[in-house]
Amino acid sequence: MTVRPVLLEAKDLSVSYGKVEALHKVGLTIREGEIVTVIGPNGAGKTTLLSCLMGLLPGRGEVVYAGRALGGDVEVEERVGLGLTLVPEKRELFADMSVGDNLLLGAFDRHRRGDGGIRETLAEVYDIFPRLRERAEQTAGTLSGGERQMLAMGRALMAKPKLLMLDEPSLGLAPLIIREIFRTVSRLRGMGVSVLLVEQNARAALQVADYGYVLETGEISLAGPGAELASDPRVVEAYLGLGGKR
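Source: prediction; values computed, not measured.

Quick look at the sheet that holds strand β7 (residues 163-167) now. Reading across from one edge, β6-β7-β8-β3-β9-β10 is the order of the six strands in this open sheet, with mixed pairing throughout. Of all strands in the sheet, those with a lone pairing partner are β6 (84-87) and β10 (219-225), marking the two edges. Going from strand to strand, the sheet's axes swing by 15 degrees on average, the running direction of each strand aside. Pairing of β7 with strand β8 (residues 194-199), which is carried by five bridges, proceeds in the parallel orientation. Opposite Met165, over in β8, you have Leu196 as the bridge partner. Against the sheet, helix α1 (residues 46-54) touches β3 (35-39), β6, β7, β8 and β9 (211-216), its axis set at about 150 degrees to β7. Where helix α8 (residues 175-190) meets the sheet, its contacts fall on β3, β7 and β8, and the angle it forms with β8 comes to roughly 155 degrees.

Below, the structure written as structure tokens:
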């Protein structure tokens, strides 16, 4: 079996809020075209991890992306230009703007660089999310929760990312919509987009993930292929059994 090249690697990543350490020496690896998930309870540091990788929070340790060290001097905008995008938990759409304009804003950096393929990317996003094409003229604030999540993901895809980071994409959505979102995540892997998926819905996340990490109180407690973690008694008891359903 061919081992895919490493796209992002974090080593000994630590983040503190004042004197409180939210992440402690976390290490993870994401390969090209892979879905990697990070599961864990509320307050474990999952969102902090994504924010640090995106450059929104300062951290200690080493992050190497596409062969380049991402130090504190690499701003968020530059990371987006390098192909790193984040869909935050709150989605952060422009509620008074149309669906189509929200999507085009996702390609702002590409437009600024004179990239001529934005309309083609828009057509691809509409192909992935046909409902967004139907709602193109609607304002984002009138969309349902599932449609807002699709729009947030579509807007991130407009930047043509190599690595798409998703923070709790299933949060607050109906089961039918959650299945649709996770089908889309699997489809992105087939399109060559690597995905880092942070989720409390451990069952759904591990079903689509090539590799997974369990983050607890700021540290990686378990790691392994998604299928192996899904059958690990410790994960089953803590996240997939009755406790997981609650």
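Our next topic: the nonpolar core. Membership of the largest hydrophobic core comes to 48 residues, with the highest contact counts inside it found for Leu103, Leu132 and Val235. Summarising the domain contributions, this core has at least three residues from each of domain 1 (1-83 + 164-246) and domain 2 (88-160). In this view, Leu132 contacts Val99, Leu103, Val125, Tyr126, Glu147, Met150 and Leu151; residues no more than four positions away in its chain are not counted. If you look at the next biggest cluster of nonpolar residues, it comprises 28 residues, including Leu28, Cys52, Tyr65 and Leu84.

In the structure shown here, the tally under the stated rule is twelve salt bridges. Here Asp109 and Arg113 are joined by a salt bridge, their closest N and O atoms 2.9 Å apart. Taken together, the shared-partner salt bridges in this structure form one network comprising Asp109, Arg112 and Arg113.

The subject of this paragraph is the side chain of Ser14. Relative to the elements of secondary structure, Ser14 occurs in strand β1 (residues 6-17). Only 2.9 Å separates the side chain of Ser14 from the backbone nitrogen of Lys25, close enough to count as a polar contact. Excluding anything up to four places from it in sequence, Ser14 contacts Glu21, Leu23, His24, Lys25, Gly59 and Arg60.

Moving on, we get to the domain arrangement of the protein. For the protein, the domain assignment lists domain 1 (1-83 + 164-246) and domain 2 (88-160). One C-alpha centre belongs to domain 1, the other to domain 2, and the line joining them spans 23 Å. Each side of the interface is counted separately: domain 1 has 18 residues, and domain 2 has 17 residues. On the domain 1 side of the contact with domain 2, Ile181, Thr184 and Arg187 bury the most area, a combined 25% of that side's loss. Applying the counting criterion to the domain 1 and domain 2 interface returns two salt bridges. One salt bridge in this structure joins Arg131 and Glu180, with 3.0 Å as the shortest N-O distance. For the pair domain 1 and domain 2, the interface holds three residue pairs in polar contact (both at pLDDT 80 or more). Where the side of domain 1 that touches domain 2 is concerned, the elements lending two or more residues are α2 (76-81), β7 and α8. Tallied by class, the residues present in the side of domain 1 that touches domain 2 amount to eleven nonpolar, three polar and four charged.

Along the chain, Thr121 turns up in helix α5 (residues 118-128). Those residues in contact with Thr121 that sit more than four places away from it in its chain are Arg110, Leu157, Met158 and Lys160.

Below, the discussion takes up α8. Quick reminder: α-helices carry 3.6 residues per turn. Residues three or four places apart thus point the same way. Its 16 residues give α8 an end-to-end C-alpha distance of 23 Å, which sits within 8% of 22 Å, the value for a rise of 1.5 Å per residue. When α8 is considered as a whole, its buried residues turn out to be Ile177, Ile178, Ile181, Phe182, Thr184, Val185 and Leu188. Buried residues of α8, seen end-on, are gathered within an arc of 150 degrees and therefore sit on one face of the element. Away from the buried face of α8 by more than 90 degrees, exposed residues Pro175, Leu176, Arg183 and Gly190 are located. Remark: Gly192 follows α8 within two positions and exhibits a positive phi of approximately 90 degrees.

Conventions we followed
- In every chain, residue numbers begin from 1 and rise along the written sequence.
- This being a predicted model, a pLDDT of at least 70 is required before a residue's local features are given, and a value of 80 or more before pairs of side-chain atoms are given or counted; all residues contribute to the totals for chains, interfaces and linings.
- Heavy atoms from the whole structure form the basis of all side-chain values; hydrogens and water molecules are not counted.
- Here, a strand pair is defined by DSSP locating no fewer than two bridges between the strands.
- The helix and strand labels rest on DSSP assignments: H or I over at least four residues marks a helix, E over at least two residues marks a strand, and numbering proceeds from the N terminus.
- In this analysis, axes come from line fits to C-alpha atoms, helices being fitted only over the stretch in contact, and the angle between any two N-to-C directions falls in the range 0 to 180 degrees.
- Contact definition: two residues touch when any of their heavy atoms are within 4.5 Å.
- Definition of nonpolar core: a set of buried residues of the types Ala, Val, Leu, Ile, Met, Phe, Trp, Tyr and Cys, connected through side-chain atoms within 4.5 Å.
- Between buried and exposed lies partly exposed: a residue is buried under 20% and exposed over 50% of the maximum accessible area for its type, with that area taken using a 1.4 Å probe on protein chains only.
- What fixes the domain bounds is an automatic or database domain assignment.
- Salt bridge, as used here, is a side-chain nitrogen of Lys or Arg placed within 4 Å of a carboxyl oxygen of Asp or Glu.
- Polar contacts, as counted here, are pairs of nitrogen or oxygen atoms within 3.5 Å of one another; within protein the pair requires one atom able to donate a hydrogen and one able to accept it, and residues that are adjacent in sequence qualify only if both atoms are side-chain atoms.
- Buried area is calculated as the accessible area (1.4 Å probe) missing from two parts once they are joined, with the contributions of both summed.
- Think of it as three bins: nonpolar holds Ala, Val, Leu, Ile, Met, Phe, Trp, Tyr, Cys and Pro, charged holds Asp, Glu, Lys and Arg, and polar takes everything else, Gly as well.
- For a helix, the expected span equals 1.5 Å multiplied by the number of residues minus one.
- Note: the arc covers the axis-to-C-beta directions of the helix.

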